[in-house]
Amino acid sequence: MSSHREAPEISKDPVADSTDVYAFVSPDKPDTVTLIANYIPLQEPSGGPNFYEFGDDVLYGIHIDNNGDGYPDISYEFRFSTQVLDENTFLYNTGPIEAINSPYFNRRQFYDLTVVYGDSHQTVGVNLACPPCNIGPLSTPNYNTVAGQAIHHLDHGIRVFAGQRAEAFYVDLGSIFDLGDLRPFENLHATFGLPGLAAKPGVNATNHLNVHSIAIQVPISSVTRHGHPSIGVWTTASRQSATVWDADHGEKVSSGPWRQVSRLGNPLVNELINPLGKKDLWNSLPPSDDKLFAEYVAHPGLAALLPTLYPGVFPNLAKLVAAGTARADLEAILLTGIPAGIVPGFTNFTGKVLADMLRLNTSIKPTPTAKQSIYGLLGGDAGGFPNGRRVTDDVVAIELRALAGVTYALVDKTYKPDAAAGELTDGLTPASVSSKTTGTFPYLGEPYSGYNDPS
C-alpha cells in the first residue's frame, strides 16, 4: 500500500504509521491548498470496545518546503489528548452520540495545533474536538452531522479536521505482494517455472477499512514564496526517545527529545523502491538526506524484476535495465520535481536537492471533475499525481507504468516503451471504493461503521 506497514519497525507501531498523504489545490476553494495525512492503517470498523484513536504520545506533523532544500519551512504539528468521562464503565459510549459534546460520548479525543516557522512556534488551535469512530446506527445515528461538528475554522484562514475516515486508497494487496502479480495481466506472469493464472479483475484489499485522518486547509499565499508556486509536502510521526512502563499506575511514561519514526512523501517509495534493510533508516531521516537513497530510485529493483516476472512482455525495459541506465525520469518525478521542458507546459520543479516530497504546483487550477483523469499527468491531467496527489488518483497504476518505462521516453526521445507498460494496472479504480469521497473538506468519505462491517 502507499505506506501501510511498509517498514519492519513501523509495522509494529500502527498508531504512528503514516499511511497516505494527499496535497491538492482545493477544488471548492481554489485560493487554498488542502493537505491530508492518514495514520493507523487497516482499521476493522467493528474493532471495539477499544476503538481506534490517535496516540497521545505521538507528535504528528505535516511539513512544507517552499525553497527546495529538503527541510521544512512550515510545519503543522498536532498533539492529542484523551479524556474519559466515566472510568467505571467499559463502554466507549454510554448512549447515542448525537452531538460532538454529547454526555454519552465517554472516551473522546482533543488536540492542539501548532504552526512552526523555523524556530517560531505559534499555537493556533487548543482543545479541538475529534469526532467519535463510526460505531453503528444506535451509537452514532447521525454520524455525518457529528463529524461535521469536528471541522474547525481557525484564524489565518485555517480549516482543520482530525478523526476517522474511510480508506480511499485502493490497491490489490493480495496479488501485488504475491511476486508482483497483477490480476488483469496474470495470464502473462510465469515465475520460476510456475504457470501463469487466468486474467481476472482486481480485488480492493482496503475496501471497507478505515484510517485516521488529519486534514488541514490553508491559504496558498501562506505556504508559498512569491514567484515560486511549487511546494514540497511530507508527513511524519515522532515519539520521545525514552518510554517506560509505570507498573504502579498501569501506564506508559515518555520523556526526552522527539525522534521521527515514520515519514511519507510520494506514495510507494519506501514500499516498493527502498530495500528492506534501509526502510527503517529512511523513516528516521528528513527528505534532505535522500541522496543516501537516490541509487534505488535510479535503479529500482521492481523495474529489474518485471521482465523476469512477465517473460517476453517487457523486452525494451529489459534492455534498459541490462544497460545499467540510470532512471532520470524517476529522479525527476520523485526527488526534484519535473523541470520545465520535459512535459510541455508543466513543471513542479523545486530545485536540485534530492528529496522525496510530494510536489505541488499551486498555480495549476483544479481540473473540473468531468475532465479529471485518475492517471494524472500520464492521462494528460496536470491537476493530478505527480502534481500533488488527489484522493482519487490511481497512484498504483501511475507508478507501475513509470517504473515499467513509460516516463523514461520523456527524457530519452529514442526510447520506445513496451506496449504493456502503458497499460499496467492492478485492475482497480475509484469505483472499487464503496465509501465515496466528497467534494468538500475534509474530502474523504464517511468511515465504515462496525454494525455494517461486511467482514
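Calculation rules
- Residues numbered from 1 in each chain as written.
- Predicted model: local features only at pLDDT ≥ 70, side-chain atom pairs only at ≥ 80, totals over all residues.
- Heavy atoms only, no water.
- Salt bridge = Lys/Arg side-chain N within 4 Å of Asp/Glu carboxyl O.
- Helix = DSSP H or I, 4+ residues; strand = E, 2+ residues; numbered from the N terminus.
- Buried < 20%, exposed > 50% of the residue type's maximum accessible area, 1.4 Å probe, protein only.
- Pairing = 2+ DSSP bridges.

J.: Any chance you could break down the pattern of salt bridges for me, citing the residues and the numbers?
T.: Applying the stated criterion across every chain yields a total of eleven salt bridges. Residues R263 and D290 are paired through a salt bridge, measuring 2.9 Å at the closest nitrogen-oxygen approach. Of the two residues, R263 is situated in strand β11 (residues 251-264) and D290 in the loop between α4 (279-284) and α5 (294-298); the sequence distance between them amounts to 27 residues. The exposure class of R263 is buried, given its relative accessible area of 0%. With a relative accessible area of 2%, D290 lands in the buried category. Its salt-bridge partner being R390, residue D381 comes within 2.8 Å of it at the nearest N-O pair. Each member of the pair, D381 as well as R390, is classed as buried. Each of D13, D57 and R239 takes part in one network of salt bridges that share partners.

J.: Just give me the short version of the pairing of strand β4 (residues 74-84), but keep the residues and values in it.
T.: Pairing geometry for strand β3 (residues 59-65) and β4, over six bridges, is antiparallel. Paired with Y60 across the bridge in β4 is F78. Both β4 and strand β5 (residues 107-117) contribute to a ladder of ten bridges, which runs antiparallel. In the strand pairing of β5, F80 is matched with Y111.

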